[in-house]
Amino acid sequence: MTSTQTAAIILAAGMGTRMKSSLPKVLHEVAGRAMIGHILDQLDEIACDRKVVVLGAGADAVAKVVAPVPTAVQDPPLGTADAVLAARREMADFDGDVLILFGDTPLLTAATMERIAARRRAADDPAVVVLGFQPEDAAAYGRLVQGADGSLQAIVEYSEATPEQRAIKLCNAGIMAVDGKRLFALLDAVGNDNAKGEYYLTDIVAIARGQGYGCAVAVVDDEREVIGVNARGELAIAEAVMQSRLRNRAMADGATLRDPDTTYFSHDTKLGRDVVIGPQVVFGPGVTVGDGVDIRAFCHIEGADIATGAIIGPFARLRPGARIGTDVHIGNFVEIKQASIETGAKVNHLSYIGDARVGARANVGAGTITCNYDGFFKAHTDIGAGAFIGSNTALVAPVAVGDGAITGAGSVITRDVPADALGLERNGQTQKDGWAAKFRSRRKAEKEAADTPRQMAAGRNTATARNKES
Ligand code: UD1
Ligand code: MG
């Protein structure tokens with residue numbers, strides 16, 4: 001093995017108690033992806049030869065999310081140095097550079113990972129490179145103690161720091177690049193004689209210095225990149241920062257966001273060119289949008305494919321399995337689920353289309369409902385090309401309406417309608433000339449008769465009240 005290889009150990013065994021959650025901390029989502037998933041995605045962008053995620057006992061849910069990345073178990077969690085030691089077996093025979101990352105810093109970028117790895121490989125061969133940052137509020141972060149030459153002398157945890165050390169602005173972001181040949185020997189020398197009784201990873205800096213090795217700091221430019229999520233407030237900040245990144249990327253790639261601060265993306269939203277997105281649009285995971293699509297205000301879209309030139313919304317909901325074809329129009333208060341709407345078809349008002357196909361250029365009238373579920377099973381509705389579904393049609397699945405067929409408004413369609421036929425289900429209309437006018441005059445007279453005694457009584461009461469006042 002050559003020393004140019006890079007491995008990553010991602011620590012995720014902490015209890016995350018400050019989240020007050022039954023979900024492991026690193027599975028809390030930012031832009032629709034578990035925090036730990038963001039770290040792994042960024043690692044995929046750098047040449048990383050080996051990865052291990054360190055988990056607490058029973059964190060099977062986390063192991064499932066990170067699979068096939070191997071995991072090591074730290075039980076019980078005795079501190080960050082102890083957590084890295086839990087990965088010793090997976091790192092056996094590795095003598096390259098080891099990145100140590102935290103599962104709770106979801107905004108860290110591949111570029112920064114590369115930067116500290118590159119610093120590790122510089123000619124002065126530092127044993128440990130620590131990512132430093134200058135938070136506006138240094139709070140309880142570990143402080144980086146530097147020598148006069150700027151080299152790193154030690155990291156002092158906040159709970160151990162003297163008032164002078166607490167005044168240091170440069171803090172430990174928690175990310176390190178360590179020479180793999182020395183890492184485990186340094187960790188073996190870490191003790192737990194400190195305020196928390198924990199084995200602090202941060203102690204390896206002073207230990208390395210004591211053994212005559214150099215240590216260095218690489219400073220991150222934007223402190224927001226290394227936000228550590230320990231509680232829900234920080235989770236919300238991480239989400240906001242990630243959203244702002246995703247919005248900027250969408251605009252840089254050629255989408256118009258009418259009100260960027262109100263567009264919410266998923267980590268994996270894919271937009272074509274010249275997509276226009278109105279205010280208050282939310283993308284869940286798994287959405288692909290083709291070129292020139294117009295998504296109007298107040299839409300909620302997840303697990304959907306939208307082809308070129310489609311118009312969506314305002315107020316549309318596309319659920320998983322919605323496949324919206326070229327130039328299709330989906331209008332207000334329309335919900336589409338597990339259905340394919342083919343080229344040029346229109347579903348413009350107040351409809352639910354689920355488990356269905358709507359053929360090319362078909363027109364689905366206002367208030368059409370596919371009755372796809374009987375409480376036990378889902379069934380399919382098929383609407384042929386060029387069909388015209390009258391307003392307020394209930395299509396009781398399984399059912400098919402043939403190409404070019406028409407259904408009459410208000411029909412409950414339970415049998416297949418052949419191509420080019422009319423499917424109509426409706427009682428004959430009864431008509432009584434003059435009935436409404438007669439009804440109104442009769443009821444008006446009845447109302448007047450009922451109101452007269454009441455008005456007289458009210459008149460008496462007013463007179464009594466006036467007498468009392470005088
Ligand atoms: C740590 C650093 C601190 C730094 C800060 C940056 C140490 C001792 N302190 O403090 O200098 O400024 O991060 O955010 O390293 N973990 C384990 N096993 C454990 C303990 C923690 O796997 O026994 C994991 C956690 O799941 C988490 C990460 O390590 O992903 C950091 O732990 P956390 O408790 O958040 O450390 P901080 O107090 O934030
Ligand atoms: Mg933390």
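Conventions and cut-offs
- Residues numbered from 1 in each chain as written.
- Chains lettered and ligands numbered in written order.
- Predicted model: local features only at pLDDT ≥ 70, side-chain atom pairs only at ≥ 80, totals over all residues.
- Heavy atoms only, no water.
- Helix = DSSP H or I, 4+ residues; strand = E, 2+ residues; numbered from the N terminus.
- Contact = heavy atoms within 4.5 Å.
- Pairing = 2+ DSSP bridges.
- Near = heavy atom within 4 Å.
- Polar contact = N/O pair within 3.5 Å; in protein donor to acceptor, adjacent residues only side chain to side chain.
- Nonpolar A, V, L, I, M, F, W, Y, C, P; charged D, E, K, R; others polar.
- Salt bridge = Lys/Arg side-chain N within 4 Å of Asp/Glu carboxyl O.
- Buried < 20%, exposed > 50% of the residue type's maximum accessible area, 1.4 Å probe, protein only.

Engineer: Tell me about the side chain of Asp 82, residues and numbers included.
Structural biologist: Along the polypeptide, Asp 82 turns up in helix H3 (residues 80-85). In this view, Asp 82 contacts Gln 74, Pro 76, Pro 77 and Tyr 199; residues no more than four positions away in its chain are not counted.

Engineer: Tell me what's going on with the sheet that holds strand S18 (residues 294-295), and back it up with residues and numbers.
Structural biologist: Overall, parallel pairing links the 10 strands, which are arranged S12-S15-S18-S21-S24-S26-S28-S31-S34-S36 in an open sheet. The open sheet is flanked by strand S12 (256-257) and strand S36 (422-423), the only strands paired with a single partner. Pairing geometry for strand S24 (residues 329-332) and strand S26 (residues 346-349), over three bridges, is parallel. Each residue of the ladder has a partner; that of Ile 330, found in S26, is Val 347.

Engineer: Residue-level account of the site of ligand 1, with values.
Structural biologist: Around ligand 1 there are 22 residues in total, and Gly 14, Gln 74, Gly 79, Glu 157 and Asn 172 lie nearest to it. Thr 80 is positioned with one of its side-chain polar atoms (N or O) 2.8 Å from an oxygen atom of ligand 1. In the model, an oxygen atom of ligand 1 is placed 3.4 Å from a nitrogen or oxygen of the Asp 104 side chain. Among the secondary structure elements, those contributing two or more residues to the shell around ligand 1 are strand S1 (6-12), H3 and strand S10 (171-179). A per-class count over the shell around ligand 1 returns 10 nonpolar, nine polar and three charged.

Engineer: Outline the pattern of salt bridges, listing residues and values.
Structural biologist: Two side chains of opposite charge can pair, provided their charged atoms sit close to one another. Per the counting criterion, the structure on display carries 25 salt bridges. Salt-bridge contacts for Arg 182 lead to Asp 125; the nearest nitrogen and oxygen are separated by 3.3 Å. Remark: Asp 125 occurs in the loop between helix H4 (110-120) and strand S7 (128-133) and Arg 182 occurs in helix H6 (residues 180-188); sequence separation between them is 57 residues. A relative accessible area of 17% means that Arg 182 is categorised as buried. Residue class for Asp 125 comes out partly exposed when judged on its relative accessible area of 32%. Across the pair Lys 181 and Asp 179 runs a salt bridge, and its minimum N-O distance is 3.4 Å.

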